[in-house]
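Given next are the chains, with one letter for each unit.
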Amino acid sequence: MAETNGRLHSHGPAPRRWVPTLLTALWALAFASVFIWQSSSVRSISIFRSISGAYGPIPRLRNHVYNLTDFGGVGDGRTVNTAAFEKAVQAIQARGGGQLNVLPGVWLTAPFNLTSHMTLFLAEGAVILGIQDEYYWPLLPALPSYGYGREEKGPRYGSLIHGQNLKDVIITGHNGTINGQGQYWWTKYKTRSLNFTRPRLVQFLFSKDIIISNITLLNSPFWAFHPYDCKNITVSNVTILAPLNGAPNTDGIDPDSCEDMLIENCYISVGDDGIAIKSGWDQYGIAYNRPSKNILIRNITVQSLISAGISIGSEMSGGISNITIENILFFQSRRAIRIKTSPGRGGFIQNISYKNLTFDNVRVGIIVKTDYNEHADEGWDRKAFPTISGISFSGIRGWGVRVPVRIHGSEDIPIRDVEFQDFIVGISYKKKHIFQCSFVQGRVVGDVFPKPCDNLDVYGENGVLVRRATQLNVSDIDYDI
């Protein structure tokens, strides 16, 4: 493949002992009602999956429509269909655009490229299956903001479905599947028998006007969907699955130096970050200087036992700004929200808004880590400190959470202008320090439970200052998560 383009205490006389009991009951009732409200906001995510066999005929979405079988494709799970995919894409390119239908069946293939003004439609029961032999996977140059292949120096394996310098491309269907057969690659990675970085499942580079919808991405060798330096991307109603253990680096969606992107109505359960926003690595990302910005993530259900539901970084050297993350259910995960960076990254993380989040049995609700010391090579700049500011959390609910908040800034990388409002998280771990802060400046507004760290100013619901922070740069971090 050529690169072409939750406790209240009350003390008083015995006759009034009913008061704390009543307050506790009212608090529990309010907590439950909010949970019901928040759950309803994400319930619609899975409704479409409960309809079995409800799909009609394949719609005509382009003027020119082809079936893969028109080009000799055979969906028996054994025949290699790379040539059929390539001929179909060539035909669509020659017509200035078109639609390729992949009918029910298992369509084994090596990687192939898409073209502009193209719709790839996967019918119900259609599976595009990646071939299990790296000989058939082309090697591509390292991405410019990474310096070399993400895992190994030198080239990287190309994605199963690839697009470069394209516009107006749609991958959609009746919930057909793209299966990378990642077990083959995970075993090779763990036994150190690969010389190059593992392939993504679907990747677009330097492209715009991309839509991914109504499909399943299954068992990616590495990151499942990786748009790189792209504009105007929509990901909607997509299911992304990989084993929760033993599937290293199987991130779900990784926007990388992308702008104007919408991710909505998705279910993600994978072996690493569900979503990770990136913008390049150390000196290479600083030099490339392409931020990720203007990204909206909403109505997502996500699970990650190994990493985090939604992350920012750690590769963020080009900057990340103007991100809204709302209406998210995190369940049975190690972490829900994570921001990760380190000295050497440079860049900035700013104007990040988290709204209406639910933590259901997660170990850590929110973590900000500024010592994520993994570097591209020894050439990283020891004085390139990232800046982190303008992060807000509102409408946060949870239960079964061990540590609701752990924000770990440093003298070199302080975290500024952080706000918590309408934050009630039930805890599962009776330890003194469960809302942890270090080198943090910001505020809490109104009621926040559990009691926040003393590094933050306290305001009432009316916006009037109640108390200034009593500790500024004193660390309240007492163990690692």
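Before reading on, note that the structure itself is shown above.
What you see is a predicted model; the values in this text were computed from it and never measured. (Residues numbered from 1 in each chain as written. Predicted model: local features only at pLDDT ≥ 70, side-chain atom pairs only at ≥ 80, totals over all residues. Heavy atoms only, no water.)

**A few points about the overall build of the protein**
Move 1: What the protein contains, in helices and strands, is 4 helices and 31 strands.
Move 2: In the protein, which comprises 481 residues, the share counted as buried stands at 57%.
Move 3: In the form shown here, the protein has an accessible surface area of approximately 19300 Å², with 51% of it arising from carbon and sulfur atoms. (Helix = DSSP H or I, 4+ residues; strand = E, 2+ residues; numbered from the N terminus. Buried < 20%, exposed > 50% of the residue type's maximum accessible area, 1.4 Å probe, protein only. Areas by Shrake-Rupley, 256 points an atom, 1.4 Å probe, with all protein chains shown as cover.)

**Overview of the side chain of Ser 311**
Move 1: With respect to the helices, strands and loops of the structure, Ser 311 is situated in strand E22 (residues 308-312).
Move 2: The residues contacting Ser 311, other than those within four sequence positions of it, are Asp 273, Ile 275, Ala 276, Ile 277, Arg 338 and Lys 340. (Contact = heavy atoms within 4.5 Å.)

**Description of the side chain of Asp 251**
Move 1: Tracing the sequence through the fold places Asp 251 in the loop between strand E18 (239-241) and strand E19 (259-270).
Move 2: In contact with Asp 251, other than residues within four places in its own chain, are Phe 222, Trp 223, Ala 224, Asp 272, Asp 273, Gly 274, Ala 276 and Lys 278.

**With respect to the nonpolar core**
Move 1: Ile 171, Phe 204 and Phe 420 are the most contacted members of the largest nonpolar core, which totals 104 residues.
Move 2: With near-sequence residues (within four places) excluded, Phe 420 lies in contact with Ile 366, Phe 393, Val 405, Ile 407, Phe 435, Arg 443, Val 444, Val 445, Val 448 and Leu 456.
Move 3: Formed by 10 residues, the second largest nonpolar core is a distinct cluster that contains Trp 223, Trp 281, Tyr 288 and Ala 376. (Core = buried A, V, L, I, M, F, W, Y, C linked by side-chain atoms within 4.5 Å.)

**With respect to the packing of aromatic side chains**
Move 1: On inspection of all chains with the given rule, the structure shows 19 aromatic pairs.
Move 2: A ring pair is formed by Tyr 146 and Trp 281, whose centres lie 6.3 Å apart and whose planes are at 55°; its orientation type is tilted. Taken as a pair, Tyr 146 in the loop between strand E8 (139-140) and strand E9 (156-157) and Trp 281 in the loop between strand E20 (275-277) and helix H4 (282-288) lie far apart in primary sequence, 135 residues in all. Residues Tyr 146 and Trp 281 agree in their burial class; the two are buried.
Move 3: Judged by centre distance (5.8 Å) and plane angle (90°), the ring pair of Tyr 157 and Phe 196 falls under edge-to-face. A residue pair is termed long-range when its members are at least 10 positions apart, and Tyr 157 in strand E9 and Phe 196 in the loop between helix H3 (182-190) and strand E13 (202-205) qualify at 39 residues.
Move 4: When its relative accessible area of 6% is taken as the criterion, Tyr 157 is described as buried.
Move 5: The class for Phe 196 is partly exposed, based on a relative accessible area of 22%.
Move 6: Linked through ring pairs, Trp 137, Tyr 157, Tyr 184, Trp 185 and Phe 196 together constitute an aromatic cluster.
Move 7: Directly above the aromatic system of Tyr 288 lies the positively charged group of Arg 290, at a separation of 4.6 Å from the ring centroid. (Phe/Tyr/Trp six-rings, centres within 6.5 Å; stacked < 30°, edge-to-face > 60°. Lys NZ or Arg CZ within 6 Å of the ring centre and 35° of its normal.)

**Some thoughts on the pattern of salt bridges**
Move 1: A complete count under the given rule lists 20 salt bridges for this structure.
Move 2: A salt bridge links Lys 355 to Glu 326, with the nearest nitrogen and oxygen atoms 3.7 Å apart. Residue Lys 355 is located in strand E24 (residues 348-369), and its partner Glu 326 is located in strand E23 (residues 320-340); the two are separated by 29 residues in the primary sequence.
Move 3: For Glu 326, a relative accessible area of 19% corresponds to the buried category.
Move 4: Put simply, Arg 150, Lys 278, Glu 315 and Glu 374 are held in one network by salt bridges that share partners. (Salt bridge = Lys/Arg side-chain N within 4 Å of Asp/Glu carboxyl O.)

**Topic: the environment of Phe 359**
Move 1: Mapped onto the elements of the fold, Phe 359 is located in strand E24.
Move 2: For Phe 359, a relative accessible area of 0% translates into the label buried.
Move 3: When the C-alpha atoms of Phe 359 and Gly 400 are compared, they prove to be 8.0 Å apart, with 41 residues separating the residues in sequence.
Move 4: Not counting chain neighbours up to four residues away, the residues in contact with Phe 359 comprise Phe 330, Ala 336, Gly 365, Ile 366, Ile 396, Arg 397, Gly 398, Trp 399, Val 401 and Val 425.

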